[in-house]
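Chain and residue survey
Each chain, letter by letter, is given below.
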Amino acid sequence: MVRWRREPPSNHEGAGRILAGLHRSAHAAFAPHLTDVVLPLVPRGYRGRSQTNPPIPRSRMSASPFDDFRDLVNLLPGPDATAVAAWEERDAQLTKIPGSLGRLEEISKLVAAYTGKIPPRVEKPLVAVFAATHGITAQGVSAFPAEVTKQMVANYANGGAAINQICMVSDIGLKVFELALDFPTPDISVVDAFDEQGCAATMAFGMEALAGGTDLLCFGEMGIGNTAVASAIYHALWGGEAADWVGPGTGVVGDALANKIAVVARTVKRLGGETDPLEILRRIGGREIAAMVGAILGARHQKVPVVLDGFVTTAAAAIVWAMNPDAVDHCIFAHCSAEPAHARVLAKMGKKPLLDLGMRLGEGTGAALAATIVRAAVACHNGMATFAEAGVSNKE
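Predicted model, so just to flag it, every value in this text is computed and none were measured.

1. Here we look at the overall build of the chain
When helices and strands are counted, the chain shows 15 helices and 7 strands. By sequence separation, contacts in the chain at least 24 residues apart represent 80% of the contacts at least 6 residues apart. Summed over all atoms, the accessible surface of the chain reaches about 15100 Å², with 54% contributed by carbon and sulfur.

2. A short note on unusual backbone geometry
A cis geometry characterises the amide bond from Ile 118 onward to Pro 119, with omega recorded as -5°. By the element assignment, Pro 119 lies in the loop between helix H4 (103–115) and strand S3 (125–132). With phi around 70°, Glu 363 is a residue other than glycine that occupies positive phi space. Here Glu 363 falls in the buried class, since its relative accessible area comes to 4%.

3. Brief notes about the pattern of salt bridges
Applying the stated criterion across every chain yields a total of 12 salt bridges. We note a salt bridge from Lys 96 to Asp 91, for which the minimum N-O separation is 3.0 Å. With relative accessibility at 13%, the residue Lys 96 sits in the buried group. Its relative accessible area of 13% is what places Asp 91 among the buried residues. A salt bridge links Glu 106 to Arg 103, with the shortest nitrogen-to-oxygen separation between them at 3.7 Å. Here the residue Glu 106 and the residue Arg 103 both occupy positions in helix H4, the gap between them amounting to 3 residues, near one helical turn. A residue is classified by how much of its surface remains accessible, and Glu 106, at 44% relative accessible area, is partly exposed. Classification of Arg 103 as partly exposed rests on a relative accessible area of 29%.

4. A short note on helix H11 (residues 287–301)
In a regular helix each residue adds 1.5 Å, so 15 residues correspond to 21 Å; H11 covers 22 Å between its end C-alpha atoms and thus fits that length. Of all 15 residues in H11, 15 are buried, a share of seventy percent or more. Remark: Lys 303 follows H11 within two positions and exhibits a positive phi of approximately 60°.

5. A short note on the packing of aromatic side chains
Here the structure, examined in full by the defined rule, presents 8 aromatic pairs. When the ring of Tyr 234 is compared with that of Trp 238, the centres are 5.9 Å apart and the planes differ by 5°; the resulting orientation is stacked. A residue pair is termed a helical-turn pair when its members lie 3 or 4 positions apart in one helix, as Tyr 234 and Trp 238 do in helix H8 (residues 226–238) at 4 residues. For Tyr 234, a relative accessible area of 0% gives the class buried. A relative accessible area of 18% places Trp 238 in the buried class. Here the aromatic residues Tyr 234, Trp 238, Trp 245, Phe 311 and Trp 321 are joined through ring pairs into a cluster of three or more.

6. A short note on the layout of surface pockets
The calculated volume of the largest pocket comes to roughly 490 Å³. Lining the largest pocket are 28 residues, with Gly 249, Thr 250, Arg 360, Leu 361 and Gly 362 sitting closest to its centre. Put simply, the parts of the chain that give the lining of the largest pocket at least two residues each are helix H5 (148–157), strand S5 (216–222), H8, helix H12 (311–323) and helix H14 (365–383). Residue classes in the lining of the largest pocket are distributed as 10 nonpolar, 13 polar and 5 charged. In this structure, the second largest pocket occupies an estimated 250 Å³ of space. Taken together, the residues of the lining of the second largest pocket break down into 7 nonpolar, 1 polar and 5 charged.

7. Regarding the environment of Phe 311
Looking at the element boundaries, Phe 311 is found in helix H12. Since its relative accessible area comes to 5%, Phe 311 is described here as buried. In this structure, the C-alpha to C-alpha distance between Phe 311 and Asn 226, residues 85 residues apart in sequence, is 9.6 Å. In this structure Phe 311 touches Thr 227, Ala 230, Ser 231, Tyr 234, Trp 245, Ser 337, Glu 339, Ala 341 and His 342, once residues within four positions along its chain are discounted.

8. A closer look at the pairing of S3
Along S3, 8 of the 8 residues are buried, which leaves the element largely enclosed by surrounding structure. Neither face of S3 is open: one carries Pro 125, Val 127, Val 129 and Ala 131, the other Leu 126, Ala 128, Phe 130 and Ala 132, and all of them are buried. Bridging between S3 and strand S4 (residues 173–179) involves 7 bridges; their strand directions are parallel. Across the sheet, residue Leu 126 finds its bridge partner in S4, namely Gly 173.

9. What about the side chain of Asp 215?
Relative to the elements of secondary structure, Asp 215 occurs in the loop between helix H7 (196–206) and S5. For the buried Asp 215, no salt bridge is present, and the opposite-charge side chain at shortest range is Lys 117, 4.1 Å distant. Here Glu 123 takes part through its backbone nitrogen, which lies 2.7 Å from a polar atom of the side chain of Asp 215. Setting aside anything within four residues of it in sequence, one finds Asp 215 in contact with Lys 117, Arg 121, Val 122, Glu 123, Lys 124, Pro 125, Val 304 and Pro 305.

Rules and cut-offs
Residues numbered from 1 in each chain as written. Predicted model: local features only at pLDDT ≥ 70, side-chain atom pairs only at ≥ 80, totals over all residues. Heavy atoms only, no water. Helix = DSSP H or I, 4+ residues; strand = E, 2+ residues; numbered from the N terminus. Contact = heavy atoms within 4.5 Å. Areas by Shrake-Rupley, 256 points an atom, 1.4 Å probe, with all protein chains shown as cover. Buried < 20%, exposed > 50% of the residue type's maximum accessible area, 1.4 Å probe, protein only. Salt bridge = Lys/Arg side-chain N within 4 Å of Asp/Glu carboxyl O. Expected span 1.5 Å × (residues − 1). Phe/Tyr/Trp six-rings, centres within 6.5 Å; stacked < 30°, edge-to-face > 60°. 1 Å grid on protein atoms, 1.4 Å probe; cavity = no way out; pocket = protein on both sides within 12 Å on 5 of 7 lines; lining within 4 Å. Points joined across faces, edges and corners; volume = space filled by probe spheres on them. Nonpolar A, V, L, I, M, F, W, Y, C, P; charged D, E, K, R; others polar. Pairing = 2+ DSSP bridges. Lys, Arg positive; Asp, Glu negative; His and termini not counted. Polar contact = N/O pair within 3.5 Å; in protein donor to acceptor, adjacent residues only side chain to side chain.

Quick look at the structure:
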């Protein structure tokens, strides 16, 4: 059981102690009820972990359960200056016009900066799909019934989803994390999603996505109703009208879309102007979003770059960004979703997506495609010859 601290540690050894404590907390809450989900058609053979336990039990904690996460944000490691300098020195010697590879250069430099590896490497990419169920579906915010979440998780296990095919052809690992699918979070238009202990334990569990030693963590999600949850988070963080942040999701239009907008507006009004990002997450978030918040922070401290997928996964990044904009500097935003508000969200955070393919499926499909670009960027930096090696004259 984690011992929650009132005073933030003074150095990165403190961050290590926090991460170890959160790992124990996650296992205490979830591990007794975990079973493996075997994901065929994924060459790397990673295994997903299925969580079917009741809502997370309360823990005895000596201070606010969110204190450790605030400490992790305060103790963020910055970019590795030595690795950045080595990257810049080599990049200047490669057989190309400076800057001619555009964003591929930005990407490989980011990987170097936030892994500290010289040369940068991506050898074990992983798509982690977090699946959760939502009580807000009772308000008619989705075109699909709530049971589709569990059915799609079974489809992943059988190798039949789009993400299976992309991971197979790209040689990317795949894990699916089920988060108490038999016990949806409450209807957030009426009551809070979590107590603080439950939210913190779910965030801690999200860090388990790093347990297999990945060096590029790509996020995906599955959860009928979760575009309404993400829209509510954006509305709570950045104001405006609910209609600014709500889109069709699974395909709601007309009166159904108007209803979804009204439900999101009602949900955020219930917060009474709350501005604390973690409290917003606790009160109106979903388990998959809370888990990804924890994974983003864990990845930063474990020097693992993150690739975010679309509209819902970006909601987790928005919570972290609202705590400290620098806390998502190790994140790559894979694509601009066709969900209308996603471009607005990315603009709010000052982030540029790699791709714009009109996609809005989720599952990590956009992130998996972007991971191939990340690997290509690193391969170019590492594999290209220098002017001296190739016998090519450099500019005078």
